[in-house]
Structure formats: C-alpha cells, structure tokens
Amino acid sequence: MNDLTLGCDNNLAHRTREIDRERLIVRRGQPFAITLQCSDSLTPNHHLEVVLRLGERDELVITVQEQREARDKWWFDQQRAQDEIVLTLHSPPDAVVGHYRLAVVAKSPVGHVVDKADKMGFHLLFNPWCKDDVVYLPDERLLQEYVMNEDGVIYMGASDSIRSIPWNYGQFEDYVMDVCFDVLDNSKDALKNPKADTENRSDPVYVSRMITAMVNSNGDQGVLTGRWEEPYSGGVAPYRWTGSVPILQQWSRDGAKAVKYGQCWVFAGVACTVLRCLGIPTRTITNFSSAHDVDGNLSIDILLNDKLETVGKKDSSWNFHVWVESWMRRDDLPKGNDGWQVLDPTPQELSEGEFCCGPCPVAAIKEGDLAMKYDAPFVFAEVNADIIYWMVGPDGQRKKVTINVDQSGVGKSISTKSVNGDFRQDVTLHYKYPEGSTKEREVYEKAGRPVADSTDGNAEPGQLQLSIRHAKAVFGTDFDVIVEVHNGGSKDAIAQLTILAMAVTYNSFTRGECQRQATSVTVPGHKTHKEVLRLRYDDYVKCVSEHHLIRVRAFAVVPGQDKPVMTVANIPLNMPELLVQVPGKAVVQEMATAHISFANPLPVPLRGGVFTVEGSGLLSATEVHVKGDIAPGQKVSVMLSFSPRRVGVRKLMVDFDSDRLKDVKGVATVVVRKRHFISGVY
C-alpha cells in the first residue's frame with residue numbers, strides 16, 4: 001500500500017495549513033483522512049491493523065481499534081473504492097501531542113500479512129476548537145487572536161507612560177513547529193524519563209510548565225540566556241530582538257545551545273510563540289510596578305542609605321514585567337480555577353527545583369487562594385505586595401519612611417493586546433478587586449498579607465506631602481522635574497529637601513547618579529512649594545541604561561517629625577519612531593519594497609547604525625547597515641526589497657540600533673494578495 005494523503009486537505013480543516021501545506025498536521029479530537037492505494041491482491045475479506053508509535057524509542061505504542069469503544073481511545077473507520085482505501089482516524093480529545101509514526105497492515109482472514117504501509121507520519125496538536133479538549137476556547141474571535149495571529153504587541157514603560165513594541169511571534173513560519181517539539185524533547189524530564197514525559201504530553205498543564213522551564217536556560221538546555229545589564233558581548237542585546245523566530249532557529253541550528261540574550265519580554269514572546277504553535281491559546285501580559293518578593297512575606301522591603309541609594313539586593317520592584325497567560329481547564333484543581341493561567345518563563349525563583357513558574361490560575365490570584373498550583377504566592381506578590389521603604393543608619397538601625405500610597409502600590413495597569421486591534425486592553429480587574437474595596441481587604445486577609453491601617457506609611461494630617469511632576473521627557477533633550485512640597489498644616493514648615501535622579505534598568509538595577517539637588521525649603525501653612533530640577537542630556541546620557549529610564553526620589557526631613565517623607569517617580573525617556581512604508585500592492589511571491597526612514601534626534605552623531613527587518617510570511621530577519629555616521633538632525637533612508645511568502649494581513653517590523661541610540665522601533669501593515677489579483681478584482 002502507498003500513502004496518497006494530501007496534507008493540505010486535512011490541514012485546511014484542522015487550521016494548520018499556515019504551518020505546512022504538504023506534511024500532515026492535525027488537531028486532537030477531530031477526525032482526519034488518509035488515502036491508501038492498495039495492491040491488486042487485496043480483497044474485501046482482508047482486514048486492516050493500524051498502529052501508532054510516538055517517541056524516538058517507541059515510548060508510546062497505540063493499536064487503533066476499528067470501532068469506537070471509548071471516548072478516550074483512538075479508533076478508525078474505512079471506505080474502499082476500486083484500488084483505494086480511505087482511512088479516517090479519530091483521535092481522543094486528550095491524546096498525546098507530538099510526531100506520530102503510522103503503520104497500516106493488511107492481513108488475510110487467516111492472519112497473513114498481505115500488504116503494509118509504514119512510512120507514514122503526522123503531527124498532532126492541541127485543539128482549542130474541540131469542546132472536549134481541555135484547552136477549548138468557545139469564541140472564534142479569541143481563537144483567531146490567541147492561536148492564529150502571528151503578530152502582536154508587547155507593552156513596556158511605566159504605568160503612567162505606557163508604550164508598546166511590535167513582536168513577531170511567527171508560530172507558523174517554516175519548521176518552527178519542529179523546533180517547538182525539539183524544545184520539549186530537550187527538557188530534563190524528557191531526557192530523564194522519556195516514556196513518562198511522552199505520556200504526560202496529553203496534559204497542557206504539564207506541557208506549558210515544561211515550556212516555562214525550557215524557554216530560559218537556567219539549569220537545562222533551554223532556549224534563552226538572560227542578562228539584565230550591559231555588556232551583551234557574545235550575543236544579541238535583548239532590545240534588538242523583534243520576534244521569536246530567529247531565536248528559536250538559532251537555538252535549533254546550534255544544537256540546543258542557549259541563545260544570548262533575553263529579558264522578560266523576550267522570554268514571554270518566545271513562550272507565546274511555542275504555546276500558540278502547539279495549539280494552546282496564549283497571550284502576553286504586562287504587569288506594571290511588578291514586585292519581586294524573594295522571601296515570600298508579601299512585602300517588598302527597599303533599604304536606603306543616607307544618600308538615598310538602595311542597599312542590599314533582596315526584594316525589588318520592577319517598572320514592568322511581562323509573562324504569558326494560557327487558556328485551559330484545570331481538572332487537577334477545585335472548581336473555579338479554569339480559564340486563563342499565568343505562566344512566567346523569566347528565571348526568577350525556583351519552583352519545585354526548576355526555574356519555571358505556573359500555570360497558576362488568574363482566578364486564584366484574584367481570590368487570594370495561594371494553595372493552588374503552581375506558584376500562586378509568588379504571582380500574588382507580583383501584583384499585590386506591599387512596598388515599604390526603610391532608612392538604614394550607620395549603625396544598621398532601620399527607620400520606616402512615610403510615602404504616598406499611590407506611589408507604593410504594585411500591580412498597576414495590567415495590560416494585553418486587544419483582540420480588536422493593536423491597542424491596549426486593561427485586565428487589572430482579572431487579577432485583583434478594586435483598590436480600597438471590601439473584597440480587596442478580604443482577599444488580603446485570606447492570603448496573609450497585612451492590611452495596612454489607613455494612616456500607616458502615609459502622610460498624616462499636618463505633615464508635608466511630596467509629589468513629582470514632569471513634562472514629556474524625550475531622550476536627547478533637556479527637561480524639568482518639578483517636586484511639589486505641600487504643607488497640610490496651619491504653621492510654616494521648614495524641611496531639608498533632597499532630590500536625586502538616577503538611571504535605572506526596568507528591573508530596578510541602579511546604573512548611576514544623574515543629578516542631585518539639596519536645599520532647605522520653607523512652606524507656609526496650607527501652601528505648596530515647587531522645586532525645579534533641570535535634567536540635561538549631557539548629565540543623564542553618561543549613565544542611562546538601554547531601557548531609557550530615570551528614577552527620581554524626593555526626600556524631606558522635617559525637624560520634630562519622627563518619619564522622613566519621600567516620594568518616587570519613574571520617568572521613561574520617550575524614543576523617536578521609525579517611519580516604515582510599503583507602497584503599492586503586495587502580491588505573494590512577487591517583489592515588494594519597504595521604505596524605512598529615520599532622523600537622528602540627538603545633538604551628537606550616531607555611529608554603527610543598523611536596521612533589523614522581519615515579518616511573518618514576509619521575510620526572515622534581515623540586517624541593513626547604514627554607511628558612515630548619522631549627523632545630528634540628519635535623516636537617513638533605506639530601501640529593502642523582499643518577496644512575500646504567504647497571503648493575508650502581515651506586519652513588517654523594524655528595529656534601529658547604533659552606538660548612542662538603541663531600541664528604536666517601527667512597524668507597517670502589509671496586505672499580501674494572491675498572485676491572480678488583477679486590477680482590483682479576484
């Protein structure tokens with residue numbers, strides 16, 4: 001017998017044609033057909049035996065029954081016509097995902113082998129369109145976004161200054177699926193006990209947890225090595241990546257050797273690619289003011305010395321942190337924990353001995369059910385921990401610092417891309433009840449987080465209150481930071497005011513002091529004093545990180561008051577944008593040209609300029625180097641020709657980097673039409 005299967009027919013029905021039009025790729029819980037050409041010696045009295053094998057050493061062998069016996073078993077039916085047999089295979093909705101080898105044997109009534117076909121194979125994926133699959137998602141709009149969409153938006157910046165970058169997930173690019181299965185095959189569990197690992201791949205809880213461990217390379221043969229400060233020698237700086245595909249391809253090409261380097265949004269982007277490719281609905285989530293609670297006490301203790309410098313490296317508050325959510329039913333947990341699950345591939349803390357995190361039900365975080373698997377206390381702290389500032393004296397004694405409550409909160413503006421377009425959807429209320437509500441207090445008490453008294457750590461009546469305002473800060477320009485000192489009492493107040501501006505990374509590593517200003521201020525009763533700090537490009541450029549983030553602390557000591565007063569503001573420096581255009585109509589397999597332009601906004605020349613361009617279905621990651629220096633104010637334009645590979649609405653993503661200006665992004669939407677598109681008529 002010979003296999004005459006046309007993969008494209010099945011693949012269209014199983015929504016996998018974007019992955020491959022030739023190889024057979026199907027989803028579990030949904031039948032698929034294989035056509036076999038029979039030899040002349042095969043008669044109606046002969047019967048078929050169908051055997052499936054999975055794993056390099058046949059870790060799983062399944063004999064397929066010819067009639068349906070149970071919901072959780074493979075079975076097949078057949079139709080014969082002339083010299084062909086149409087074999088329809090039915091997989092259970094909880095079948096193991098992976099690369100199956102298929103053997104069909106024709107036997108005579110007395111058991112002799114008459115014919116066989118054993119060179120066949122197919123890939124089986126999760127099926128979120130199947131009602132009985134635990135990853136079933138009953139909304140086609142959501143499925144199109146969280147499984148089928150190859151382009152996305154990841155949010156960064158600060159809660160009061162949110163920016164976005166485009167990201168090319170590219171889960172259907174050539175051979176990305178193969179790499180995704182290779183990622184699973186290289187996990188510690190797969191290498192240690194391949195049979196148990198194979199059998200567990202029916203469970204998206206197990207598979208997604210393995211993915212969070214394998215996207216980072218801590219302790220295994222994972223995909224990405226993390227690094228959070230320059231230099232990024234021997235690899236690619238995290239901000240230069242614009243998509244997951246080059247990362248996965250490099251990892252595979254180098255024999256499962258970790259790619260350098262990633263940070264949280266890169267880890268999350270790669271995890272989203274792998275999970276969507278395997279058929280698990282997934283989206284990236286950005287948590288602004290994200291707590292990293294090392295000791296698990298639901299409190300972020302930040303220690304400051306008398307110079308307002310952070311001392312100790314234990315707990316921290318990240319400006320933002322990116323993880324993913326995947327959709328699945330949690331049959332391993334009590335009722336109420338189905339739906340979105342937090343998965344965090346960024347290596348932060350060990351979970352059962354591995355650098356992985358989740359899946360953790362978002363519903364459990366909202367309700368404070370910290371006993372739910374996996375890693376609920378850590379995730380709860382990321383969005384709910386209390387930030388406490390302490391002044392540490394020369395003798396090591398701590399003194400609590402009064403700080404405005406709105407500056408100390410974590411878990412703000414939790415964001416994801418909307419299914420309706422490239423704009424932000426706020427999902428904060430999925431994670432927590434409204435601030436100050438009775439339910440919020442009940443959840444805190446259940447979770448064991450101290451419920452602060454209304455005056456604990458906050459400015460008391462009659463005490464000075466501090467706030468920080470600033471105009472839009474653009475990288476390359478000078479700008480003012482205004483500290484307002486408000487006296488809520490009736491008497492004049494004299495205070496020693498210190499303003500410190502520091503360059504920090506998005507995860508709170510201090511890179512250096514930009515400017516410091518100390519002065520004595522007198523504030524009349526019920527009045528506000530304004531103190532201006534001028535931040536100059538020449539001052540902050542010397543120490544600013546690639547995340548272009550300035551942290552300002554204003555600190556006031558008032559004679560006679562027990563606690564010093566402080567407020568903190570994170571000021572993201574806005575970056576210029578690239579102009580990306582693809583004029584004319586784009587047709588599959590025909591040349592198109594991208595026009596990319598950019599003007600140097602800095603008062604200094606840029607050297608070593610390079611554009612990186614990529615897009616799913618358009619072109620692989622390509623670098624275009626700029627010749628010579630780019631003078632201040634100079635506009636540089638480049639053109640890049642490419643041949644779109646697949647039809648549909650595509651995104652062309654561009655990143656620009658140079659010696660003094662990095663992480664400048666641009667994106668263009670490209671509608672790729674079929675080749676027979678003529679004069680506006682199909």
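Computed from a predicted structure; not experimentally measured.

About the criteria used
Residues numbered from 1 in each chain as written. Predicted model: local features only at pLDDT ≥ 70, side-chain atom pairs only at ≥ 80, totals over all residues. Heavy atoms only, no water. Helix = DSSP H or I, 4+ residues; strand = E, 2+ residues; numbered from the N terminus. Rg over C-alpha atoms; globule rule 2.2 N^0.38 Å. Contact = heavy atoms within 4.5 Å. Areas by Shrake-Rupley, 256 points an atom, 1.4 Å probe, with all protein chains shown as cover. Pairing = 2+ DSSP bridges. Axes fitted to C-alpha atoms, helices over the stretch in contact; angles between N-to-C directions. Salt bridge = Lys/Arg side-chain N within 4 Å of Asp/Glu carboxyl O. Buried < 20%, exposed > 50% of the residue type's maximum accessible area, 1.4 Å probe, protein only. Arc of directions from axis to C-beta. Left-handed = near helix turned anticlockwise from the far one by under 90°. Phe/Tyr/Trp six-rings, centres within 6.5 Å; stacked < 30°, edge-to-face > 60°. Core = buried A, V, L, I, M, F, W, Y, C linked by side-chain atoms within 4.5 Å. UniProt positions renumbered as here; feature names shortened; annotations may be inferred.

**Some details on the overall build of the protein chain**
Along the backbone of the protein chain there are 14 helices and 39 strands. Against the 2.2 N^0.38 benchmark of 26 Å for 682 residues, the protein chain shows a C-alpha radius of gyration of 29 Å, consistent with a compact globule. Oriented by its inertia axes, the alpha-carbon framework of the protein chain measures out at about 105 × 60 × 45 Å. Pairs at least 24 residues apart make up 68% of the contacts formed inside the protein chain by residues separated by at least 6 positions. For the protein chain, the accessible area works out to roughly 28,600 Å², and carbon and sulfur atoms hold 48% of it.

**A look at the sheet that holds strand 37 (residues 635-642)**
The strands making up a sheet are joined through hydrogen bonds of the backbone, oriented either antiparallel or parallel. Judged by pairing direction, the sheet is antiparallel, and its three strands sit side by side in the order 32-34-37 without closing on themselves. The open sheet is flanked by strand 32 (579-581) and strand 37, the only strands paired with a single partner. Taken over all neighbouring pairs, the strand axes of this sheet differ in orientation by 15 degrees on average, direction set aside. Pairing of strand 34 (residues 592-599) with strand 37 involves eight bridges; the strand directions are antiparallel. If you follow Ala592 over to strand 37, its bridge partner there is Phe642.

**Examining the pattern of salt bridges**
Tallied over the entire structure, the rule returns 39 salt bridges. Where Arg283 meets Glu325, a salt bridge forms, and the shortest distance between an N and an O atom there is 2.9 Å. With Arg283 in strand 14 (residues 282-292) and Glu325 in strand 17 (residues 316-328), this residue pair connects regions lying 42 residues apart in the sequence. Across the pair, Glu325 and Arg283 agree in class, each one buried. By sharing partners, the salt bridges in this structure join Glu18, Glu150, Glu173, Arg645, Arg646 and Arg650 into a single network.

**Looking at helix 13 (residues 438-447)**
Turning to helix 13, its buried residues are Glu440, Val443, Tyr444 and Ala447. All buried residues of helix 13 project into a common sector of 100 degrees when viewed along the axis, lining one side. Set apart from the buried face of helix 13 by more than 90 degrees, the exposed residues are Thr438 and Glu445. Considering only its buried residues, helix 13 is in contact with helix 9 (362-367) and helix 10 (376-384). Immediately downstream of helix 13, the backbone of Gly448 shows phi near 85 degrees, a positive value.

**Quick word on the packing of helix 6 (residues 204-215) against helix 8 (residues 264-278)**
Where helix 6 meets helix 8, the closest approach of the two axes is 10 Å, and the angle between their N-to-C directions is 145 degrees. Considering how the two elements wind past one another, helix 6 and helix 8 form a crossing that is right-handed. Taken together, the residues of helix 8 that come into contact with helix 6 (itself represented by Val207, Ser208, Ile211 and Val215) are Phe267, Val270, Ala271, Val274, Leu275 and Leu278.

**What to know about the sheet that holds strand 26 (residues 479-487)**
Judged by pairing direction, the sheet is antiparallel, and its three strands sit side by side in the order 25-26-29 without closing on themselves. Strands at the two margins of the open sheet, each flanked by one partner only, are strand 25 (464-470) and strand 29 (528-535). Averaged over all pairs of adjacent strands, the angle between their axes in this sheet comes to 20 degrees, without regard to strand direction. Taken together, the seven bridges between strand 25 and strand 26 define a ladder with antiparallel strand orientation.

**Observations concerning unusual backbone geometry**
The residue after Lys260, namely Tyr261, is reached through a cis peptide bond having omega 5 degrees. Geometrically, the link from Gly358 to Pro359 is a cis peptide bond, its omega value of 0 degrees lying close to zero. Here Pro359 lies in the loop between strand 18 (339-343) and strand 19 (360-361). One non-glycine residue, Asp58, lies in positive phi territory at about 50 degrees. Looking at where Asp58 falls in the secondary structure, it is placed in the loop between strand 4 (47-54) and strand 5 (60-64). Using a relative accessible area of 32% as the deciding quantity, one classes Asp58 as partly exposed. Unlike most non-glycine residues, Ala256 shows phi in positive territory, near 65 degrees. Here Ala256 shows up in the loop between helix 7 (245-253) and strand 13 (259-262).

**Here's the deal with the packing of aromatic side chains**
Applying the stated criterion across every chain yields a total of 21 aromatic pairs. When the ring of Tyr146 is compared with that of Trp340, the centres are 5.2 Å apart and the planes differ by 90 degrees; the resulting orientation is edge-to-face. Placement of Tyr146 in helix 2 (residues 140-148) and of Trp340 in strand 18 is noted, with a sequence separation of 194 residues between them. Here Tyr146 matches Trp340 in class, with each residue buried. Consider the rings of Trp265 and Phe320, whose centres lie 6.3 Å apart with planes at 45 degrees: the pair is tilted. Placement of the pair is Trp265 in helix 8 and Phe320 in strand 17, with a sequence separation of 55 residues. Like Phe320, Trp265 is buried.

**So, the nonpolar core**
Grouped together as the largest cluster of nonpolar side chains are 111 residues, with contacts concentrated most on Ile211, Trp265 and Tyr431. The greatest single-element share of this core, amounting to twelve residues, is contributed by helix 8. With sequence-adjacent residues up to four places away left out, Ile211 is seen in contact with Val183, Leu184, Ala271, Val274 and Leu275. One finds Val523, Tyr540, Ile630 and Leu652 within the second-largest nonpolar core, a separate group that totals 65 residues.

**Points about the UniProt feature "binding site: Ca(2+)" (unreviewed entry) in the protein chain**
UniProt annotation of "binding site: Ca(2+)" (unreviewed entry) refers to Asn384, Asp386, Glu435 and Glu440 when read in the numbering used here. A maximum C-alpha distance of 13.3 Å places the annotated residues, which cover 57 residues in sequence, within one compact spot. Structurally, the position occupied by Asn384 is in helix 10. Sequence-distant contacts of Asn384, defined by excluding residues within four places in its chain, comprise Ile365, Val410, Lys432, Tyr444 and Arg449. Take Glu435: it is sitting in the loop between helix 12 (428-431) and helix 13.

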